[in-house]
Amino acid sequence: MAVTRTFSIIKPDATRRNLTGAVTKKLEDAGLRVVASKRIHMSREQAEGFYAVHKERPFFGELVEFMISGPVVVQVLEGEDAVPANRKVMGATNPADADEGTIRKEFAESIEANSVHGSDSDENAANEIAFFFNEDEIVG
Ligand code: CMP
């Protein structure tokens with residue numbers, strides 16, 4: 001195992017319900033360390049760019065509207081095998097399928113308002129981190 005980084009977003013449904021701390025505690029309890037964090041209100045261009053891979057999906061328009069509907073917290077997480085560690089504590093995309101104890105099982109409202117995003121590979125993590133952070137904003 002190696003210490004690696006992943007990228008996380010605490011989504012508008014979670015910030016709206018004041019769950020930033022509760023979600024972050026779950027991440028920290030899973031062995032992940034927050035090495036960068038900022039609360040932002042994404043522009044439409046940012047949301048469309050970030051989710052460009054889903055552009056052809058039927059839910060793309062609604063996904064973008066949701067992600068710009070309120071503030072989000074973008075974070076860089078560091079830990080042993082950070083990508084799978086984060087995906088495990090997040091739980092399945094659809095909260096109906098998420099395991100007990102996961103963030104989405106406890107907090108998500110729906111497949112769209114599913115409280116968190118996490119990178120799905122080391123390569124995407126590097127790209128997603130670079131989309132929102134300069135290297136000097138990441139302090140391990
Ligand atoms: P996320 O990990 O942020 O990546 C894309 C997001 O699209 C996903 O989480 C979901 O919140 C959202 N989404 C909305 N509808 C769907 C759907 N039908 N299938 C998959 N993802 C969806």
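Let me sum up the structure you'll find in this document. Everything numeric in this text was worked out from a predicted model, so none of it was measured.

## Comments concerning the pairing of strand β1 (residues 3-10)
Stage number 1. Most of β1 sits inside the fold, with six of its eight residues counted as buried.
Stage number 2. Where β1 and strand β3 (residues 72-80) come together, eight bridges link them in antiparallel fashion. Looking across to β3, one finds that I10 is bridged to V73.
Stage number 3. Taken together, the three bridges between β1 and strand β4 (residues 116-118) define a ladder with antiparallel strand orientation. Paired with I9 across the two strands is H117, which belongs to β4.

## As for the sheet that holds β4
Stage number 1. With antiparallel pairing, four strands are arranged side by side in an open sheet as β2-β3-β1-β4. At either end of the open sheet lies a strand with only one pairing partner, and these are β2 (33-40) and β4. Recorded for the sheet is a direction-independent mean angle of 20° between the axes of neighbouring strands.
Stage number 2. Most of the contacts of helix α5 (residues 82-90) go to β1, to which it runs at about 35°, and overall it touches β1, β3 and β4.
Stage number 3. Along the sheet, helix α7 (residues 122-132) makes contact with β1, β2, β3 and β4, crossing β1 at roughly 55°.

## Regarding the side chain of T6
Stage number 1. On the secondary structure map, T6 appears in strand β1.
Stage number 2. Judged by relative accessible area, which is 0%, T6 ranks as buried.
Stage number 3. Each residue touching T6, except ones within four places of it in the same chain, is listed here: Q75, V76, L77, A82, V83, N86, S119, A125 and I129.

## Considering helix α2 (residues 20-29)
Stage number 1. Among the residues making up α2, those that are buried are V23, T24, K26 and L27. The buried residues of α2 occupy one face: seen down the axis, they fall within an arc of 155°.
Stage number 2. At its buried positions, α2 is contacted by β1, β2, β3, α5, α6 (103-107) and β4.
Stage number 3. Count one or two residues on from α2 and you reach G31, which has phi positive near 95°.

The rules we used
Residues numbered from 1 in each chain as written. Predicted model: local features only at pLDDT ≥ 70, side-chain atom pairs only at ≥ 80, totals over all residues. Heavy atoms only, no water. Buried < 20%, exposed > 50% of the residue type's maximum accessible area, 1.4 Å probe, protein only. Helix = DSSP H or I, 4+ residues; strand = E, 2+ residues; numbered from the N terminus. Pairing = 2+ DSSP bridges. Axes fitted to C-alpha atoms, helices over the stretch in contact; angles between N-to-C directions. Contact = heavy atoms within 4.5 Å. Arc of directions from axis to C-beta.

That is the geometry; function is a separate question.
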